[in-house]
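Remarks on the overall topology
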Amino acid sequence: MERLTGAGVSPGAGYGPAYLLGGTIPEPPAGSRHDGDPVGETARAEAAVDRVAAELSARGEAVGGDAHDVLAAQAMIARDPVLSAEIAELIDAGTAAERAVYEAFSRYHDMLAEIGGYIGQRVSDLDDLRDRVIAQLTGVPMPGLPEPAERPYVLVARDLAPADTVLLTKELVAAFVTEQGGPTSHTAILARAMGVPAVVACAGATSIVNGTPVLVDGTTGMVGLVPSEEEVAASIEAANARGSALASATGPGRTADGHPVALLANVGGPRDLAAALEYGAEGVGLYRTEFLFFDREQAPSDEEQEAAYREVLAAFPGAPVVVRVLDAGADKPLGFLPPTGDEPNPALGERGLRILRIFPDVMMGQLRALARAAEGTSARLQVMAPMVASAEEAGWFAGACRAAGITSAGIMIEIPAAALRAADLAPAVDFFSIGTNDLAQYVFAADREVGALTPYQDPWQPVLLDLVATAASAGVPCGVCGEAASDPALACVLAGLGVTSLSMGAPALPWVRATLARHTLDQCRAAAAAARATSTAEAARAAARSHLPGLEDLAL
Ligand code: PEP
Ligand code: MG
């Protein structure tokens, strides 16, 4: 079979026909003219608009809920008579239908953007609509998720935005392959949460022809085109065999000599709970609440929030549940929490706690909804803020938590300034949770969403281990909830650095549990010291391995 190679970021083997996420639609060339039949051309444009509106309405009916309202509103905008009049006028003047659609939507876009506020925030919907109508007219694939008849299929994309993925399930998708993205991109996080194999940073992925049978190995990063039946069977059998070796590790996280390291799950909402429980999570270490609200233009109601939070808290009686307040901005934009202005570098802009300080009412609403949700459950609610840089910010957030009746307030350590001065921040809070994904992004000034920069995201970089060591020795309990925690060998190193809990996508829990159980705390400490004594990620990995003999038993 022909092979492509990328970075395996979610283990296991997946097989199915490949389908490409519709890409960007090129702008129809300025000045394109039709062949002199304005009536026919207008009818063609109208038919395309109608088709797009009808498809959106039908999809909304099928999904129901909030998605229905969003799609119905989009269909209504597409049918706006102001837009059709504008398109017809341009076509009358000789412009080809595709270009007329492009120009009419652009004018409408500018008009809405100028109005600003809630209406202004709808402009990205308008761009999506425009692209759909142009795709319809030009016969190129529609932007957005493919809808093939065969399921599950292998979803191939240049990259996946969280908004593309909210509707995906394991039944629908056998594996993910993306050309961009690194091990901490949201494709990787989502895939691990779903337990679906994934390969990212895979050059040439988007040239796979739709419908091609593809075998994806999310451990090795191999993407095989048109594999034989034997190749598929062998690959799936090997993945299953390793799976059953792991099933034997049960119970709470401990080293071989009984040092406890709580093993927690990262969840994006109630839909991830079944996997967290199935894989034996001892609680939740990171509840990414913004995942609940990606499709919203307005803040969700207090009642809706409370219900979603209560569902997660109720699933873990007596256990810790660490909830992160909304981490909006950059790679996780939320329509109802926009930054104040244009941001040339969104990852360095207003995101996380910085945005919440602009919208304190939204944050207080969320904190109160969390406090109410915890009443009547025995879960131990802990709440933390993302993107905290200073002791002043940490203190401000902890004060807000206390005002809302939350007794355990923490912060994420994901900015180098906070890690280096962790001892200054610690007195303000009850706990730390290290977000190694962003910490790597900021310590190397390397955008985590850019596939070409993947090597900088390698959590084995000794500088990252140094920062973890500093934060973990600042005097408050310190977990790791970035993707580093899901690498079994690195999990031992993190335990050796003094980290008290590890939180990860649920399917990684058995691997980490089994690996920790095979090593003593002293071995973990020796592995950590050896890794820190090197100067590259590769050397750190190799040095740590020499102190972790149990990795071999698990074929890791
Ligand atoms: C992190 O940055 O490591 C983290 C856990 O948060 P997120 O990936 O959601 O930014
Ligand atoms: Mg982060």
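Read on for a plain summary of the structure. What you see is a predicted model; the values in this text were computed from it and never measured.

**Some details on the overall build of the protein chain**
- Summing up its helical and strand segments, the protein chain has 22 helices and 16 strands in all.
- At 25 Å, the protein chain has a C-alpha radius of gyration in line with the 24 Å of a compact globule built from 556 residues.
- Counting only C-alpha atoms and orienting by the principal axes, one finds that the protein chain spans roughly 80 × 60 × 45 Å.
- A burial count over the protein chain gives 55% of its 556 residues as buried.
- Summarising the internal contacts of the protein chain: among those between residues at least 6 apart in sequence, 68% fall at separations of at least 24.
- Total accessible area on the protein chain is roughly 21,900 Å²; 56% of this is exposed by carbon and sulfur atoms.

**Examining the sheet that holds strand S11 (residues 320-324)**
- Pairing is parallel in the closed barrel, where eight strands are placed in the order S9-S10-S11-S12-S13-S14-S15-S16. Along the sheet, successive strands turn relative to each other by an average axial angle of 25 degrees, direction set aside.
- Relative to strand S10 (residues 284-288), strand S9 (residues 262-267) runs parallel, the two sharing three bridges. Among the inter-strand pairings, Val267 is bridged to a residue of S10, identified as Tyr287.
- Sheet contacts for helix H11 (residues 302-314): S9, S10, S11 and strand S12 (380-385); angle to S10, the most-contacted strand, approximately 165 degrees.
- Sheet contacts for helix H20 (residues 509-517): S9 and strand S16 (501-504); angle to S9, the most-contacted strand, approximately 165 degrees.

**What about the coordination of the magnesium ion (ligand 2)?**
- For the magnesium ion (ligand 2), the full set of protein donor atoms is Glu414 (OE) and Asp438 (OD), at a range of 2.0 to 2.2 Å. Highlighted residues: Glu414 in the loop between strand S13 (409-413) and helix H15 (416-420) and Asp438 in helix H17 (residues 436-443), separated in sequence by 24 residues. An identical accessibility class is assigned to Glu414 and Asp438; each is buried.

**Observations regarding helix H18 (residues 462-472)**
- In terms of burial, H18 is largely enclosed, as eight of its 11 residues are buried.
- For H18, the set of buried residues is Pro462, Leu464, Leu465, Leu467, Val468, Ala469, Ala471 and Ala472.

**Details of the packing of aromatic side chains**
- Counted under the stated rule, the structure contains four aromatic pairs.
- Both rings, one in Phe291 and one in Phe294, keep their centres 5.5 Å apart while their planes meet at 40 degrees; by these two values the pair is tilted. As far as the burial class goes, Phe291 and Phe294 line up, both buried.
- Both rings, one in Phe444 and one in Tyr456, keep their centres 5.6 Å apart while their planes meet at 45 degrees; by these two values the pair is tilted. With Phe444 in the loop between H17 and H18 and Tyr456 in the loop between H17 and H18, this residue pair connects regions lying 12 residues apart in the sequence.
- By relative accessible area, which is 23% here, Phe444 ends up partly exposed.
- Assessed through its relative accessible area of 39%, Tyr456 is described here as partly exposed.
- Positioned above the aromatic ring of Trp396, the side-chain terminus of Arg357 is 4.5 Å from the ring centre.

**Brief notes about the site of ligand 1**
- Around ligand 1, a shell composed of 16 residues is seen, among which Arg288, Arg324, Lys332, Asn437 and Arg448 lie nearest.
- Between an oxygen atom of ligand 1 and a main-chain N or O atom of Gly435, the distance comes to 3.3 Å.
- With respect to ligand 1, the side chain of Arg448 contributes an N or O atom lying 2.7 Å from an oxygen atom.
- When ligand 1 is considered free in solution it has 290 Å² of accessible area, and contact with the protein chains removes 100% of it.
- For the shell around ligand 1, the elements supplying multiple residues, two or more each, are S10 and H17.
- By residue number, the principal contributor to the shell around ligand 1 is H17, which donates three residues.
- Considered class by class, the residues forming the shell around ligand 1 number four nonpolar, four polar and eight charged.

**Description of the side chain of Asp327**
- For Asp327, the location among the structural elements is in the loop between S11 and helix H12 (353-358).
- Only 3.0 Å separates the side chain of Asp327 from the side chain of Arg351, close enough to count as a polar contact.
- Within the structure, the side chain of Asp327 is placed 3.5 Å from the backbone nitrogen of Gly352, a separation counted as a polar contact.
- With residues up to four places along the chain from it excluded, the contact list for Asp327 reads Glu290, Lys332, Arg351, Gly352, Pro386 and Met387.

**Description of the pattern of salt bridges**
- Enumeration according to the criterion identifies 26 salt bridges in this entry.
- Close ionic contact of Asp430 with Arg402 constitutes a salt bridge, the shortest N to O distance being 3.3 Å. Linking Asp430 in the loop between helix H16 (422-425) and strand S14 (431-434) with Arg402 in helix H14 (residues 391-403), this pair joins segments that are 28 residues apart in sequence.
- Each of Glu290, Arg324, Asp327, Asp331, Lys332, Arg351, Asp438 and Arg448 takes part in salt bridges that share partners, so that together they form one network.

**Here we look at unusual backbone geometry**
- With an omega of -5 degrees, the peptide bond running from Arg151 to Pro152 counts as cis.
- Mapping Pro152 onto the fold places it in the loop between helix H6 (123-138) and strand S4 (153-157).
- Of note in the backbone geometry, Ala330 takes a positive phi value of approximately 55 degrees without being a glycine.
- Residue placement: Ala330 occurs in the loop between S11 and H12.
- Judged by its relative accessible area of 26%, Ala330 falls in the partly exposed class.

**Things to note about the nonpolar core**
- Within the largest apolar cluster, 103 residues are counted, with the highest numbers of intra-cluster contacts made by Leu367, Phe432 and Leu502.
- No other element matches helix H13 (residues 360-374), which puts nine residues into this core.
- When near neighbours in sequence (up to four residues on either side) are disregarded, Leu502 contacts Val261, Ala262, Leu263, Leu264, Val480, Ala485, Ala491, Leu494, Val512 and Leu516.
- Core analysis: the next-biggest nonpolar cluster, separate from the first, contains 28 residues, Val49, Leu90, Ala104 and Leu137 among them.

**A short note on the sheet that holds strand S6 (residues 198-200)**
- An order of S1-S8-S7-S3-S4-S5-S6-S2 is seen for the eight strands of this open sheet, with the pairing classed as mixed. If you trace the sheet from one side to the other, it starts and ends with strand S1 (2-5) and strand S2 (7-10), each paired once. Put simply, the sheet's adjacent strands are angled 30 degrees from each other on average, direction ignored.
- With five bridges connecting them, S4 and strand S5 (residues 173-178) associate as parallel partners. Residue pairing in the sheet places Val156 in a bridge with Val177 of S5.
- Taken strand by strand, helix H8 (residues 186-194) contacts S2, S5 and S6, and its axis lies near 160 degrees from that of S5.

Thresholds, definitions, all that
- Residues numbered from 1 in each chain as written.
- Chains lettered and ligands numbered in written order.
- Predicted model: local features only at pLDDT ≥ 70, side-chain atom pairs only at ≥ 80, totals over all residues.
- Heavy atoms only, no water.
- Helix = DSSP H or I, 4+ residues; strand = E, 2+ residues; numbered from the N terminus.
- Rg over C-alpha atoms; globule rule 2.2 N^0.38 Å.
- Buried < 20%, exposed > 50% of the residue type's maximum accessible area, 1.4 Å probe, protein only.
- Contact = heavy atoms within 4.5 Å.
- Areas by Shrake-Rupley, 256 points an atom, 1.4 Å probe, with all protein chains shown as cover.
- Pairing = 2+ DSSP bridges.
- Axes fitted to C-alpha atoms, helices over the stretch in contact; angles between N-to-C directions.
- Donors = N, O, S within 2.8 Å, 3.2 Å for Na, K, Ca; no water.
- Phe/Tyr/Trp six-rings, centres within 6.5 Å; stacked < 30°, edge-to-face > 60°.
- Lys NZ or Arg CZ within 6 Å of the ring centre and 35° of its normal.
- Near = heavy atom within 4 Å.
- Polar contact = N/O pair within 3.5 Å; in protein donor to acceptor, adjacent residues only side chain to side chain.
- Nonpolar A, V, L, I, M, F, W, Y, C, P; charged D, E, K, R; others polar.
- Salt bridge = Lys/Arg side-chain N within 4 Å of Asp/Glu carboxyl O.
- Core = buried A, V, L, I, M, F, W, Y, C linked by side-chain atoms within 4.5 Å.

Any link to function would need more than the numbers given here.
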